[in-house]
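# Chain and residue survey
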Amino acid sequence: MPNIIRIAAALLIDPQGRTLLVRKRGTEAFMQPGGKIDAGETPVQALVRELQEELGLRIDPAQAMHLGQFSAPAANEPGFEVQAELFRVDSAAAVVPAAEIEEVVWLTADQAPVMPLAPLTRDLILPLYRQALNAPR
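Just so we're clear, the structure is a prediction, and the values are computed from it rather than from any experiment.

Here we take up the overall build of the protein. Helices and strands together make up the secondary structure of the protein, namely 2 helices and 6 strands. Listing the helices and strands of the protein from first to last along the sequence gives β-β-β-α-β-β-β-α. Computed over its C-alpha atoms, the radius of gyration of the protein comes to 14 Å, within 12% of the 14 Å expected for a compact globule of 137 residues. Seen through its C-alpha atoms, the protein measures out along the principal axes to roughly 40 × 30 × 30 Å. Across the 137 residues of the protein, 47% fall into the buried class. For the protein, contacts bridging at least 24 residues in sequence account for 65% of all contacts bridging at least 6. Summed over its atoms, the accessible surface of the protein is roughly 7,100 Å², and 54% of this surface lies on carbon and sulfur atoms. Averaged over its 12 positive side-chain charges, the protein has a centre that lies 3 Å from the centre of its 17 negative ones.

Right, let's talk about unusual backbone geometry for a bit. Apart from glycine, the bulk of residues carry a negative phi angle, and the bulk of peptide bonds sit in the trans form. The backbone phi angle of A99 is positive, close to 50°, even though this residue is not glycine. Looking at the secondary structure, you find A99 in the loop between β5 (80-90) and β6 (101-107).

Glancing now at helix α2 (residues 119-134). For α2, spanning 16 residues, the distance from its first C-alpha to its last is 22 Å, which sits close to the expected 22 Å at 1.5 Å a residue. Its axis deflected by about 40° at I125, α2 carries its strongest bend there, up to four residues before the proline P127. Those residues of α2 lying buried are P119, L120, T121, I125, L126, Y129 and L133. Contacts from the buried residues of α2 go to β1 (3-13), β2 (19-24), β4 (65-73), β5 and β6.

Quick look at helix α1 (residues 43-55) now. With 13 residues, α1 ought to run about 18 Å at 1.5 Å a step, and its terminal C-alpha atoms sit 17 Å apart, in line with that. Here α1 has its buried residues at A46, L47, V48, E50, L51, E54 and L55. Its buried side turned inward, α1 meets β1, β2, β3 (34-36), β5 and β6. Where α1 ends, the next residue or the one after it, G56, has phi of about 65°, a positive value.

Core analysis: the largest hydrophobic core is formed by 23 residues, its most contacted members being I7, L120 and Y129. Broken down by secondary-structure element, the contributors of at least two residues to this core are β1, β4, β5, β6 and α2. Listed in part, the 21 residues of the second largest apolar core include M31, L51, I59 and F87.

The computed volume of the largest pocket comes to approximately 310 Å³. Along the walls of the largest pocket sit 21 residues, with I7, K24, M31, E77 and V82 positioned nearest its centre. Elements with a minimum of two residues in the lining of the largest pocket: β1, β3 and α2. Broken down by class, the residue content of the lining of the largest pocket amounts to 11 nonpolar, 5 polar and 5 charged.

Mapped onto this numbering, the UniProt entry annotates "domain: Nudix hydrolase" (unreviewed entry) at residues 3-130. Secondary structure content for residues 3-130 is 20% helix and 37% strand, while the C-alpha to C-alpha distance between its ends is 30 Å.

Basis of the calculations
- Residues numbered from 1 in each chain as written.
- Predicted model: local features only at pLDDT ≥ 70, side-chain atom pairs only at ≥ 80, totals over all residues.
- Heavy atoms only, no water.
- Helix = DSSP H or I, 4+ residues; strand = E, 2+ residues; numbered from the N terminus.
- Rg over C-alpha atoms; globule rule 2.2 N^0.38 Å.
- Buried < 20%, exposed > 50% of the residue type's maximum accessible area, 1.4 Å probe, protein only.
- Contact = heavy atoms within 4.5 Å.
- Areas by Shrake-Rupley, 256 points an atom, 1.4 Å probe, with all protein chains shown as cover.
- Lys, Arg positive; Asp, Glu negative; His and termini not counted.
- Charge placed at Lys NZ, Arg CZ, Asp CG, Glu CD.
- Expected span 1.5 Å × (residues − 1).
- Bend = angle between axes of the 7 residues up to and from the residue.
- Core = buried A, V, L, I, M, F, W, Y, C linked by side-chain atoms within 4.5 Å.
- 1 Å grid on protein atoms, 1.4 Å probe; cavity = no way out; pocket = protein on both sides within 12 Å on 5 of 7 lines; lining within 4 Å.
- Points joined across faces, edges and corners; volume = space filled by probe spheres on them.
- Nonpolar A, V, L, I, M, F, W, Y, C, P; charged D, E, K, R; others polar.
- UniProt positions renumbered as here; feature names shortened; annotations may be inferred.

Given below as structure tokens:
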């Protein structure tokens, strides 16, 4: 049984339909904003807290749409698996990298990322995002 890291992550989408990826200080892989769920916290509470800490983004928990639970090998902790509760958050607010976030990048659905991506982002979340944006409305 692998060691599990439980996180809440945001598929954050701006009015232009771009999604936000972040890179933590001292790491190479870009991933969705979010972070570990603390004891006694619900996933959505963790999401709200992390988005505020990492990006200065204040969101209403009611805005966060739960997309499901996704698992993949952790990008930065060898031998660990991340189990992410993924939420879609649509926001027009400006984001400011804070806390441990060193770099943020907005990605369009048709853009092939050139930067290294966390396995969860690369294999599960970005395909989901592209599918969601290309789905007939």
